[in-house]
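# Secondary and tertiary structure notes
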Amino acid sequence: MKHIDTKLVEKKMGSRLTTNTVAKNVFLAATLFGLLVLVILIYRVVADSIGWIDFEFLTNKLSTDPEKAGIMGAISGTLWLMVVVAPVTMILGVGTAIYLEEYAKKGRLQAFIQTNISNLAGVPSIVFGILGLTVFARALGLGNIVLAGGLTMSLLVLPVVVVASQEAIRAVPQFLREASYGMGATKWQTIKNVVLPAALPGILTGVILALSRAIGETAPLVVLGIPALLIPLPDGIFDKFTVMPMQIYYWTLDSALVAEYANLAAGTIVILLLVLFIMNSIAVLIRNKFQRRF
Amino acid sequence: MTVSTFTANSAANTVKDKTESKKGMVYNTKDLNLWYGETHALKNINLEIQENDVTAIIGPSGCGKSTYIKTLNRMVELTPIVKISGDIQYREKSIFDKNFKVEDLRTHVGMVFQKPNPFPKSIYENVVYGPKIHGIRDKKVLDQIVEKSLRGAAIWDEVKDRLHENAYGLSGGQQQRLCIARCLAIEPDVILMDEPTSALDPISTLKVEELVQELKKDFSIIIVTHNMQQAARISDKTAFFLNGEVIEYADTDVIFSNPTDKRTEDYITGRFG
């Protein structure tokens, strides 16, 4: 006896295909919704900033006169912040990842550390700001200088670097390590000569993504009391500073007083988005170029 | 020559004068037991392995032959749940002795793996990896080592014009011979081969087998193989492993023509495995 009733199948075929088409369109709409919002946002920001972004906008210092105001201070503040965040997260993040993947015995302690690193990644950024205020700004007496901001940001993005580096190290095939150990190499020689070079693209991708997060973060710096109305440019990591998102925040607040500030904020947003877009593209390029070599 | 001085020095503390007894023993395994967690993988292994022999280890999958060869250079301990009892002596010195560092052991005992595993570096960098690890920096010496090792592994003529190209551009068989060259570059005393031809085509297999015949003049070779014909072709002695035990260990001719144990006979005649 046959299970499949051909007549019944034919009768239901139409409605089955209709449901299929509906499902496809629902999912397409879900995807388009997010994209649409993004497009509207970018359109409005770009429209507001047209005519405001020019060479002087990038190179001028801050001014109360919207015509003369530039974001040089915010740009150099962001750069100095990276000077602290990049090396600190590299050393601490990659170091932690190497320890957890290569040295730590797989056991309860390792699992405990691992869980907490994942938890750390979920801690709201404002909490990191309070931590930075307590430890770096107050206890160590650094105040609201680049170093304090940079260390706070480093803690904030550290889990991203650790997790990305761990994944990159784990993806290095075991047979490469075996080849190295088999010739009498020590663990550190194996890590330095085989594991890290193979994992480097993945690690760099993680570091770049972490830096781009640090560039866009605002909340911890608000807590640290980073000023927005700062005219002198920072000359080093011990100077006071401001960054692009802070600039955007205060200009947006003050646009109630001076309408043109809204245009300045929009211009800064465009520059910030551009920087983030470039950084993320580099990360994607590195990832694609070095993917699956083994 | 600088290269040989280096070996003599580093080997001095562990290797007794090789010329003293013509056919010495490289490995002496005594009552070796090994567990992976609860699984008893090697049971009361007692084996004496002669120098300048090719010793083949045969047996069906899961019989412990790979585990055994990886125990000889302590690579098996990279698996954290391994427990070992008994002893293995290399040149009359326990490999588990605290004063005998694994790094030192592995400098005397090179290993060639089942799947060719060159580093994603140039052919040249692959060969000099071991010597560099052991502190050789002189470019001239390294160049000599590269030529000598690649010639030793019968691959020099194929790669001499592309030493600085990535090793991943080589065929599987060439990669495996490069791995053998890389192993020769640390001037080992013993070479462990864990099914070195199982991932290769018949022609590449033949080349590696011929190479093994050539290498036994200078090295002691212990080779795990799944392929009984290979064991018969290239080895002097054969050990038959089954379920973690050594069933029979004798001259290869004897094992293949006149085995004592019924199970050996069943295996080599293809009745199981």
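Keep in mind that this is a model prediction, so the values were computed, not measured.

## Topic: the overall build of chain A
The secondary structure content of chain A amounts to 11 helices and 0 strands. In chain A, the order of α-helices and β-strands from amino to carboxyl end is α-α-α-α-α-α-α-α-α-α-α. When the accessible area of chain A is evaluated, it comes to approximately 16300 Å², of which 69% is carbon and sulfur surface. Put simply, chain A has 23 plus and 16 minus side-chain charges, and the middle of one group is 17 Å from the middle of the other.

## A short note on the sheet that holds strand β4 (residues 82-90) of chain B
In sheet architecture, strand pairing relies on hydrogen bonds along the backbone and comes in two forms, parallel and antiparallel. Residue and element names in this part refer to chain B. If you walk across this open sheet you meet the 4 strands as β2-β1-β4-β5, and the pairing is antiparallel. The open sheet terminates on both sides in strands that have one partner only, identified here as β2 (39-50) and β5 (93-94). Note: β4 against β5, 2 bridges, orientation antiparallel. Within the sheet, the bridge partner assigned to Tyr 90 lies in β5 and is Lys 93. This element, helix α2 (residues 65-72), spans β1 (25-36), β2 and β4 of the sheet and lies at about 120° to β1.

## Details of the UniProt feature "domain: ABC transporter" (unreviewed entry) in chain B
UniProt's entry tags residues 27-268 of chain B with the feature "domain: ABC transporter" (unreviewed entry), counted in the numbering of this structure. For residues 27-268 of chain B, the end-to-end C-alpha separation is 25 Å, with 38% helix and 27% strand making up the annotated structure.

## Concerning a nonpolar patch on the surface
Residue and element names in this part refer to chain A. Judged by side-chain polarity, Leu 28, Leu 32, Leu 35, Leu 38, Leu 41, Ile 42, Val 46, Ile 50 and Leu 273 come together as a nonpolar surface patch covering roughly 790 Å² of accessible area. For the nonpolar patch, the element with the highest residue contribution is helix α1 (residues 6-49), accounting for 7 residues. By the element assignment, Leu 41 lies in helix α1. Residue classification places Leu 41 among the partly exposed residues on the basis of a relative accessible area of 48%.

## Overview of the packing of aromatic side chains
Each aromatic ring pair is summarised here by two numbers: the centre-to-centre distance and the angle between the ring planes. Residue and element names in this part refer to chain B. The final tally for this structure, using the stated rule, is 7 aromatic pairs over all chains. Ring centres of Tyr 90 and Phe 100 lie 6.4 Å apart, and the angle between their planes is 25°; on these two criteria the pair is classed as stacked. Of this pair, Tyr 90 sits in strand β4 while Phe 100 sits in the loop between β5 and α3 (102-108); the two residues are 10 residues apart in sequence, bridging distant segments of the chain. For Tyr 90, a relative accessible area of 0% corresponds to the buried category. Taking relative accessible area as the criterion, Phe 100 reaches 2% and is therefore assigned buried. A ring pair is formed by Phe 240 and Tyr 267, whose centres lie 5.0 Å apart and whose planes are at 25°; its orientation type is stacked. One end of the pair, Phe 240, is in strand β9 (residues 237-242); the other, Tyr 267, is in helix α11 (residues 262-268), with 27 residues separating them in the sequence. The exposure classification of Phe 240 matches that of Tyr 267, with both residues buried. Of the aromatic side chains, those joined through ring pairs into one cluster are Tyr 27, Tyr 90 and Phe 100. Above the ring of Phe 119, the side-chain terminus of Arg 182 is found at 4.6 Å from the ring centroid.

Rules used in this analysis
- Residues numbered from 1 in each chain as written.
- Chains lettered and ligands numbered in written order.
- Predicted model: local features only at pLDDT ≥ 70, side-chain atom pairs only at ≥ 80, totals over all residues.
- Heavy atoms only, no water.
- Helix = DSSP H or I, 4+ residues; strand = E, 2+ residues; numbered from the N terminus.
- Areas by Shrake-Rupley, 256 points an atom, 1.4 Å probe, with all protein chains shown as cover.
- Lys, Arg positive; Asp, Glu negative; His and termini not counted.
- Charge placed at Lys NZ, Arg CZ, Asp CG, Glu CD.
- Pairing = 2+ DSSP bridges.
- Contact = heavy atoms within 4.5 Å.
- Axes fitted to C-alpha atoms, helices over the stretch in contact; angles between N-to-C directions.
- UniProt positions renumbered as here; feature names shortened; annotations may be inferred.
- Patch = residues over 30% accessible without salt bridge, like charges linked within 9 Å, V, L, I, M, F, W, Y side chains within 5 Å.
- Salt bridge = Lys/Arg side-chain N within 4 Å of Asp/Glu carboxyl O.
- Buried < 20%, exposed > 50% of the residue type's maximum accessible area, 1.4 Å probe, protein only.
- Phe/Tyr/Trp six-rings, centres within 6.5 Å; stacked < 30°, edge-to-face > 60°.
- Lys NZ or Arg CZ within 6 Å of the ring centre and 35° of its normal.

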